[in-house]
Amino acid sequence: MHRAEGTHAHERGGSGSFACQPVMRSRGNTAIHGAPALEELWRRAADQDAEAFNRIRRRFSTRLSGWVGQIVSDTRARREIVDAVFSHLRHAARPISQAGRSPEAWLALESRARAVDWARAQRGISRGARARLESLEADYSWLPTIQQTALLEERRPLISKALRQLPPSQLRLLDLAVREGLSEREIAEKVGEPEGKIQSELRAAFRFLRHRLRAVMGAWTIGI
Amino acid sequence: MDHRHLDDIYELYLLGLLPEKESLAIKEHLERRCLQCLARLSEAAQTVYALTLIGWEPRPAKAARGARRRRKKQPHSDRWHG
Ligand SMILES: [Zn+2]
């Protein structure tokens, strides 16, 4: 389900439902309305082209705001986080490009990490999500490639289906961990279950997703 | 560190959700360039990115805000859609 970059259900008068989420055009092979293709923009951004950064920002700011808005309710904080992500992108664009990795994946992970750290700070808990990514900045080869992110977006319905196959209890734990940034200990306190149980359930959920994703990313999709 | 024990934690590591002591041990292990664990880290990054794709919900226009508020009351398990 690919749509042109920046077209959203609500912008087109739709309901803004989950099923009508926008999808970024990752491959960037096609210029939209005469604008440079995305891959070209990333290439120029890696060379510190200011205009390319501005175009990328216009292209992705709604999406970043959406990611951050899942976790951060405060409008001003949300704007500051998005600003900080784009500001840091100026340093990260070149090494990510040199590693042949996806800047879009970096934007997603960086936005989430900063949002989670903001939410954790509100709860009086030390930050840590962003520090983890920071420790991996020396070499971005762990990030997905542009081709992998494109394939993930293309096969999003299969990923969604895999998620729905998880037991509801595990899905809830995943939500608390990924979207609310709660550690296993914090989740245990929140749901009133032993930490050991949360740990094994959450790790089982990720294990299930990992195996499903291997199938999603491969040619084999039968039975997913 | 025996990396066979680490298979299930790289998503949590990347999400910044492991206890500090465990995180530091993994960081040091990765700095020693364990290829198997670097591959797992890369795979975990795909999983986490996939979850951000699925989890993302656009900020609704005014007309849709009521619907969103209603949806928010649903249990967590109903919030994951593609
Ligand atoms: Zn290892």
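Residues numbered from 1 in each chain as written. Chains lettered and ligands numbered in written order. Predicted model: local features only at pLDDT ≥ 70, side-chain atom pairs only at ≥ 80, totals over all residues. Heavy atoms only, no water.

Asks: In this structure, what is going on with empty space enclosed by the protein? I would like to understand it.
Replies: Once rolled over the atoms, a probe with the size of a water molecule shows which space is left empty. Residues and elements named next belong to chain A. Evaluated as defined, the whole model comprises four cavities of 30 Å³ or more. Volume-wise, the second largest cavity comes out at about 60 Å³. Broken down by element, the residue count for the lining of the second largest cavity peaks at four residues, all from helix H10 (residues 195–217). Class assignment of the residues belonging to the lining of the second largest cavity gives a composition of seven nonpolar, one polar and one charged. (1 Å grid on protein atoms, 1.4 Å probe; cavity = no way out; pocket = protein on both sides within 12 Å on 5 of 7 lines; lining within 4 Å. Points joined across faces, edges and corners; volume = space filled by probe spheres on them. Helix = DSSP H or I, 4+ residues; strand = E, 2+ residues; numbered from the N terminus. Nonpolar A, V, L, I, M, F, W, Y, C, P; charged D, E, K, R; others polar.)

Asks: I tried to follow the pattern of salt bridges on my own but got confused; where do I start?
Replies: Between side chains of opposite charge, a pair can form when the charged atoms approach closely. In total, this model carries 26 salt bridges over all chains according to the counting rule given. Between Arg210 of chain A and Asp8 of chain B there is a salt bridge; the shortest N-O distance is 3.1 Å. Of this pair, Arg210 of chain A sits in helix H10 while Asp8 of chain B sits in the segment before helix H1 (10–14), which puts the two residues in different chains. Residue class for Arg210 of chain A comes out buried when judged on its relative accessible area of 4%. (Salt bridge = Lys/Arg side-chain N within 4 Å of Asp/Glu carboxyl O. Buried < 20%, exposed > 50% of the residue type's maximum accessible area, 1.4 Å probe, protein only.)

Asks: What should I look at first to understand the packing of aromatic side chains in this one?
Replies: Any aromatic ring pair is given by two values, namely how distant the centres are and how the planes are angled relative to each other. Residues and elements named next belong to chain B. Going through the model one piece at a time under the given rule, you end up with three aromatic pairs over all chains. With 6.1 Å between their ring centres and 80 degrees between their planes, Tyr10 and Tyr13 make a pair best called edge-to-face. Here the residue Tyr10 and the residue Tyr13 both occupy positions in helix H1, the gap between them amounting to three residues, near one helical turn. (Phe/Tyr/Trp six-rings, centres within 6.5 Å; stacked < 30°, edge-to-face > 60°.)

Asks: It is not clear to me how the domain arrangement of chain A should be interpreted in this structure. Could you clarify?
Replies: Interfaces are often sized by the accessible area lost when the parts come together. Residue and element names in this part refer to chain A. By the assigned domains, chain A splits into domain 1 (10–142) and domain 2 (155–217). Across the boundary between the two partners, domain 1 contributes 10 residues, which contact nine residues of domain 2. On the domain 1 side of the interface with domain 2, the three residues burying the most area are Gln70, Arg112 and Arg123, jointly 44% of the side's total. Note that Arg123 is salt-bridged to Glu186, the shortest N-O span being 3.8 Å. Looking at side-chain class alone, the side of domain 1 that touches domain 2 contains five nonpolar, two polar and three charged residues. (Domains from an automatic or database assignment. Contact = heavy atoms within 4.5 Å. Buried area = accessible area lost by both parts, 1.4 Å probe.)

Asks: Whenever I open this one, the nonpolar core confuses me. Can you help?
Replies: As a rule of thumb, soluble globular proteins bury nonpolar side chains together. Ranked by size, the top nonpolar core spans 82 residues in total, and within it Leu107, Trp142 and Leu174 of chain A carry the most contacts. In terms of residue count, the dominant contributor to this core is helix H3 (residues 35–55) of chain B (11 residues). Looking at this core, you find at least three residues from each of domain 1 (10–142) and domain 2 (155–217) of chain A. Sequence-distant contacts of Trp142 of chain A, that is, excluding residues within four places in its chain, are made with Leu109, Leu133 and Leu136 of chain A together with Leu14, Leu41, Ser42 and Ala45 of chain B. (Core = buried A, V, L, I, M, F, W, Y, C linked by side-chain atoms within 4.5 Å.)

Asks: So what exactly am I meant to see when it comes to unusual backbone geometry here?
Replies: One can expect most non-glycine residues to show negative phi and most peptide bonds to be in trans. We note that Gln48 of chain A has phi near 65 degrees; this positive angle belongs to a residue other than glycine. Positionally, Gln48 of chain A belongs in the loop between helix H1 (38–46) and helix H2 (50–69). The residue Arg33 of chain B is not glycine, and still its phi comes out positive at about 60 degrees. As for its placement among the helices and strands, Arg33 of chain B is situated in the loop between helix H2 (20–31) and H3. Residue classification places Arg33 of chain B among the partly exposed positions, given a relative accessible area of 47%.

Asks: Just checking my understanding: could you explain the side chain of Ser42 of chain B for this structure?
Replies: In this structure, Ser42 of chain B sits in helix H3. With residues up to four places along the chain from it excluded, the contact list for Ser42 of chain B reads Ser141 and Trp142 of chain A.

Asks: Help me understand the packing of helix H9 (residues 184–191) of chain A against H10 of chain A in this model?
Replies: Helix-helix packing is described using two parameters, namely the angle between the two axes and the distance between the axes. Residue and element names in this part refer to chain A. At a closest axis distance of 9 Å, the pairing of H9 and H10 adopts a crossing angle of 115 degrees. Relative to H10, H9 is oriented so that their crossing is right-handed. When H9 is examined against H10, the residues Glu184, Arg185, Ile187, Ala188 and Val191 are found in contact with a partner set consisting of Glu195, Ile198, Gln199, Leu202 and Arg203. (Axes fitted to C-alpha atoms, helices over the stretch in contact; angles between N-to-C directions. Left-handed = near helix turned anticlockwise from the far one by under 90°.)

Asks: Teacher, can you tell me more about the packing of H2 of chain A against helix H3 (residues 75–98) of chain A here?
Replies: All names here are of chain A. Orientation of H2 relative to H3, taken along the N-to-C sense of each, is 135 degrees, at an axis distance of 10 Å. Taken as axis vectors, H2 and H3 run oblique relative to one another. Note on packing geometry: the crossing formed by H2 with H3 is right-handed. Facing H2, whose interface residues are Phe53, Asn54, Ile56, Arg57, Phe60, Ser61, Leu64, Ser65, Val68 and Gly69, H3 presents Arg78, Ile81, Val82, Asp83, Val85, Phe86, Leu89, Arg90 and Ala93. Looking at side-chain class alone, the contact of H2 with H3 contains 11 nonpolar, four polar and four charged residues. (Parallel < 35°, antiparallel > 145°, perpendicular 65-115°, else oblique.)

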